[in-house]
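Residue-level structural notes
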Amino acid sequence: MKFGAKDVFDLSWKSLLDAYSCTECGRCSTACPANQTGKLLSPRKIMMDTRDRLEAVGKNIKANGEFKDDGKNLLSHITVEELRACTTCNACVEECPVSISPLDIILEMRRALIMEDSNAPQEWNGMFSNIENNFAPWKFSPEDRADWVKG
Amino acid sequence: MNVPIFSEQIASGKTPELLFWVGCAGSFDQRAQKITRAFASILNKLEIDYAILGKEEMCTGDPARRAGNEFMFQMMAYQNIQVLNGYGIKKIVTACPHCFNTLKNEYPELGGTYEVIHHASYLQQLIDEGRIKMKEGGDFSGRKITYHDSCYLGRANDIYEAPRKVLEALDAALVEMKRCKSNGLCCGAGGAQMFKEEEKGTTRINIDRTLEALDTGASVIASACPFCNTMMTDGVKNSNKEEEVQVLDIAELVAASMENE
Ligand code: SF4
Ligand code: SF4
């Protein structure tokens, strides 16, 4: 079983159609908290990169009769830093006049990074192991979970 | 304070009507614990038939899922659903929009279906029903208050009016930020950002957002999410405004303004 999306083949039809219907108006990026505070992430660029990759794959299939590995994937266009900057705030989705979801693509790609490549920042690995061992994202004992009543 | 635990209630033959889902922030974060106590004190004062899971509650899995760890999300979801279904829980209230969203929208497809309500809506209901009565000329009456929308309460679940109605009941002067409701700017904590350093940029999201809140001239920034509260509190400190401006949860505002004894 494969998790998340490393390439356009792993994305939903909705995401692929989204990539083709994006008008590049940029309203999503103007609403994006990450983009507005100077992070590399731009939801508009996520859509344009997805379309660029789709077009490259399309040409590849046309030329070879089937897809021939070109050593590239979506991550050749979209960097890990961009994906990591998203707060999943949904502002891009809300703002898009044609109901595109850049967030779906970001989440699918994040899933592939973690589930397929175990590619996470150290702090996230710490958070995962806290959830696994203490059932909370911080290092507190589950025994103390109701200790707030004592305050 | 005295807070009923579900397992103990069941053992003594009672089945509480309402589960108060505290969440990890509400359980362990020192600032958020105050919000939890404020909300529990309201439930106690109104003699609501509720209980918490206590040690049986676990992370909903939300931060793991947003980070991309689908496996861990499912693991946590199944464990929680087992406990919730085991007790036959029907109705859940929580003060955390992330827990709220996960329990309400993401657990049903894994076999956990409950009536889930966020404390903003719950408090509004209690006010509308006349069960919560506010003091005349309470601490916040006439004060300028701005409300910061949580993404997972607002855009993800379309709850914009309930927290505002609660603030209006305080007789406070509600002032809106430029970006509010569906256009509200994130505090910067969602998507598991709370658990890592922010990526490189020109400024931090919470600083940008707090400046916008301070611009309204409000002396209280109201929030309805423990994570937003942390981010906005840090932002206020960063502007050296902690003497003049408080960041308070709507449950704390209500608890301080109730006349019920
Ligand atoms: S708002 Fe929608 S159409 Fe405009 S650039 Fe963003 S995704 Fe494309
Ligand atoms: S969901 Fe992510 S990409 Fe979309 S606006 Fe929010 S931070 Fe930006």
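Please refer to the structure higher up on the page.
Residues numbered from 1 in each chain as written. Chains lettered and ligands numbered in written order. Predicted model: local features only at pLDDT ≥ 70, side-chain atom pairs only at ≥ 80, totals over all residues. Heavy atoms only, no water.

The next point concerns the sheet that holds strand β2 (residues 50-51) of chain B. Residues and elements named next belong to chain B. Strand order in the open sheet formed by 4 strands is β2-β1-β3-β4, and the pairing between neighbours is parallel. Two strands in the sheet have a free side with no partner beyond their single neighbour: β2 and β4 (115-118). One ladder, built from 4 bridges, connects strand β1 (residues 18-21) with strand β3 (residues 91-94); its direction is parallel. Considered in β3, the bridge of Leu19 is made with Ile92. Running at roughly 85 degrees to β4, helix α7 (residues 119-128) makes contact with β1, β3 and β4 of the sheet. (Pairing = 2+ DSSP bridges. Helix = DSSP H or I, 4+ residues; strand = E, 2+ residues; numbered from the N terminus. Contact = heavy atoms within 4.5 Å. Axes fitted to C-alpha atoms, helices over the stretch in contact; angles between N-to-C directions.)

Residues and elements named next belong to chain B. One open sheet holds the 4 strands; their spatial order is β6-β5-β7-β8, and the pairing between them is parallel. Sheet topology places β6 (173-174) and β8 (246-249) at the edges, where each strand pairs with a single neighbour. Both strand β7 (residues 220-223) and β8 contribute to a ladder of 4 bridges, which runs parallel. Within β8, the position partnered with Val220 by the bridge is Gln246. Of the strands in this sheet, β5 (144-147), β6 and β7 touch helix α8 (residues 161-169), which is tilted by about 170 degrees from β5.

Taken together, 13 residues are adjacent to ligand 2, and Cys32(A), Cys86(A), Cys89(A), Asn90(A) and Cys92(A) come closest. For the shell around ligand 2, the secondary structure elements donating two or more residues are α6 (91-95) and α7 (102-115) of chain A. (Near = heavy atom within 4 Å.)

The subject of this paragraph is the environment of Ala120(B). Residue and element names in this part refer to chain B. Note that Ala120 resides in helix α7. A residue is classified by how much of its surface remains accessible, and Ala120, at 0% relative accessible area, is buried. Spatially, the C-alpha atoms of Ala120 and Lys45 are 17 Å apart, while their sequence positions differ by 75 residues. Leave out the neighbours within four places in its chain, and Ala120 touches Leu153, Ala162, Pro163, Val166 and Ile250. (Buried < 20%, exposed > 50% of the residue type's maximum accessible area, 1.4 Å probe, protein only.)

So, about the site of ligand 1. Residues and elements named next belong to chain A. The local shell around ligand 1 holds 13 residues, among which Cys22, Cys25, Gly26, Cys28 and Cys96 are the closest. Elements supplying a minimum of two residues to the shell around ligand 1: α2 (27-31) and α4 (43-64). The class makeup of the residues in the shell around ligand 1 is 8 nonpolar, 2 polar and 3 charged. (Nonpolar A, V, L, I, M, F, W, Y, C, P; charged D, E, K, R; others polar.)

A side chain of one charge can pair with a side chain of the opposite charge when the charged atoms of the two come close. A complete count under the given rule lists 31 salt bridges over all chains for this structure. Where Lys55(B) meets Glu143(A), a salt bridge forms, and the shortest distance between an N and an O atom there is 3.5 Å. Of this pair, Lys55(B) sits in the loop between β2 and α4 (62-67) while Glu143(A) is found in the segment after α8 (122-134), placing the two residues in two different chains. Where Arg164(B) meets Asp149(B), a salt bridge forms, and the shortest distance between an N and an O atom there is 2.8 Å. With Arg164(B) in helix α8 and Asp149(B) in the loop between β5 and α8, this residue pair connects regions lying 15 residues apart in the sequence. Judged by relative accessible area, Asp149(B) falls into the buried class, the value being 5%. Here the salt bridges do not stand alone but share partners, grouping Glu108(A), Arg111(A), Asp62(B), Arg65(B), Arg66(B), Glu70(B) and Glu106(B) into one network. (Salt bridge = Lys/Arg side-chain N within 4 Å of Asp/Glu carboxyl O.)

Turning next to the state of the cysteines. Residues and elements named next belong to chain B. One pass over the structure, following the stated rule, counts 0 disulfides over all chains. No disulfide involves Cys187; its sulfur sits 4.0 Å from that of Cys228, the nearest cysteine. When its relative accessible area of 4% is taken as the criterion, Cys187 is described as buried. Unpaired in terms of disulfides, Cys228 finds its nearest cysteine sulfur in Cys225, a separation of 3.9 Å. (Disulfide = S-S within 2.5 Å.)

With that settled, the discussion passes to the environment of Arg53(A). All names here are of chain A. Along the chain, Arg53 falls in helix α4. Look at Arg53 and you get buried, because its relative accessible area is 1%. For the pair Arg53 and Ser76, spaced 23 residues apart in sequence, the C-alpha separation works out to 8.8 Å. If we ignore the near neighbours within four places in the chain, the residues touching Arg53 are Asp7, Val8, Phe67, Asp70, Lys72, Asn73, Leu74 and His77. Within the structure, Arg53 has its side chain in polar contact with the side chain of Asp7 (distance 2.9 Å). (Polar contact = N/O pair within 3.5 Å; in protein donor to acceptor, adjacent residues only side chain to side chain.)

Nonpolar side chains tend to gather and get buried jointly when the protein is soluble and globular. One finds Phe20(B) and Ile132(B) to be the most contacted residues of the largest nonpolar core, which totals 91 residues. With 7 residues, helix α5 (residues 70-86) of chain B is the single largest residue contributor to this core. When we break this core down by domain, the ones giving at least three residues each are domain 1 (6-123) and domain 2 (135-257) of chain B. Filtering out sequence-adjacent residues up to four positions away, Phe20(B) remains in contact with Trp148(A), Thr36(B), Phe39(B), Ala40(B), Leu43(B), Tyr50(B), Ala51(B), Ile52(B), Glu57(B), Val93(B) and Ala95(B). (Core = buried A, V, L, I, M, F, W, Y, C linked by side-chain atoms within 4.5 Å. Domains from an automatic or database assignment.)

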